[in-house]
Amino acid sequence: MKCPVCKKDEFSSEEMGDGLAALRCDECQGHWLPSFVYWKWLSRRGHNAPEILGGADNPQPKSPPKGGRLCPDCGRILIKYRVKKGVPFTVDRCGNCAGLWLDQGEWAYLKKRNLHDDLDYIFTAVWQTRIRKEDSADAAAESLAKALGPADFKVAKKIRVWLDQHPLRSRILAYLTGSALCLALLVPSR
Ligand SMILES: [Zn+2]
Ligand SMILES: [Zn+2]
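As the structure is a computational prediction, the values presented were derived from the model and not from experiment.

Trainee: Got a minute to help me understand the pairing of strand β2 (residues 21–25) in this structure?
Mentor: A regular strand places its side chains so that they alternate between the two faces of the sheet. The element β2 is largely enclosed, with a buried count of four among its five residues. One ladder, built from five bridges, connects strand β1 (residues 11–15) with β2; its direction is antiparallel. Residue pairing for β2: Ser 12 is matched across the bridge by Arg 24. Alignment of β2 against strand β3 (residues 31–33), held across two bridges, turns out to be antiparallel. Residue pairing in the sheet places Arg 24 in a bridge with His 31 of β3.

Structure follows, in structure tokens:
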């Protein structure tokens, strides 16, 4: 069994909290969680702790370079997954046996934000698509802000917040964009 980062083969068992036992590389202090160990822990735990937002005081793990890592159990390639917008690292998962690799400090970071019990979700297509959508929305906002300038962008943001919580949002939007078809559909029948 070789560490995906430093290729050493000395591991010790480490209690990660709530009875979860991971294997820790003695050299780089990264953690290996075989899939069945994590799933068993999740089902025994039986609840999902709500995420703690923000976390500015969280220590930012200094992850080593993540290229070309191999699974310590089956030798296949580890795939990097983003965790969430604002989380400064990716988590590795074996495409074959679904084991999880966390660099030093990553588990502690996830635990502080209660994301450590969401690792079963973050590898799903739904979760990953959501992260990409958030990225696109951020990029669109950034580009609009550049085009409009700070004052007009502030107005646009205000309108958006107002519109988003308005019960007649669709009708206002149709009015603003002047879509005749939408307007016809949205006029309440008499
Ligand atoms: Zn190592
Ligand atoms: Zn594997």
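That was the structure; now back to the text.
Trainee: Is there a simple way to think about the packing of helix α4 (residues 125–148) against helix α5 (residues 150–164) in this case?
Mentor: What describes two packed helices is the angle between their axes and the distance between those same axes. Closest axis-to-axis distance for the α4/α5 pair is 7 Å, and the angle between their directions is 130 degrees. On the basis of the axis angle, α4 is oblique to α5. Relative to α5, α4 is oriented so that their crossing is right-handed. Each of Leu 144, Ala 145 and Leu 148 in α4 lies in contact with α5, whose residues at this interface are Asp 152, Phe 153 and Ala 156. Classifying every residue of the contact of α4 with α5 by side-chain character gives five nonpolar, no polar and one charged.

What counts and what doesn't
Residues numbered from 1 in each chain as written. Chains lettered and ligands numbered in written order. Predicted model: local features only at pLDDT ≥ 70, side-chain atom pairs only at ≥ 80, totals over all residues. Buried ≥ 20, exposed ≤ 12 C-beta atoms within 10 Å, placed from the backbone. Helix = DSSP H or I, 4+ residues; strand = E, 2+ residues; numbered from the N terminus. Pairing = 2+ DSSP bridges. Axes fitted to C-alpha atoms, helices over the stretch in contact; angles between N-to-C directions. Parallel < 35°, antiparallel > 145°, perpendicular 65-115°, else oblique. Left-handed = near helix turned anticlockwise from the far one by under 90°. Contact = placed C-beta atoms within 7 Å. Nonpolar A, V, L, I, M, F, W, Y, C, P; charged D, E, K, R; others polar.

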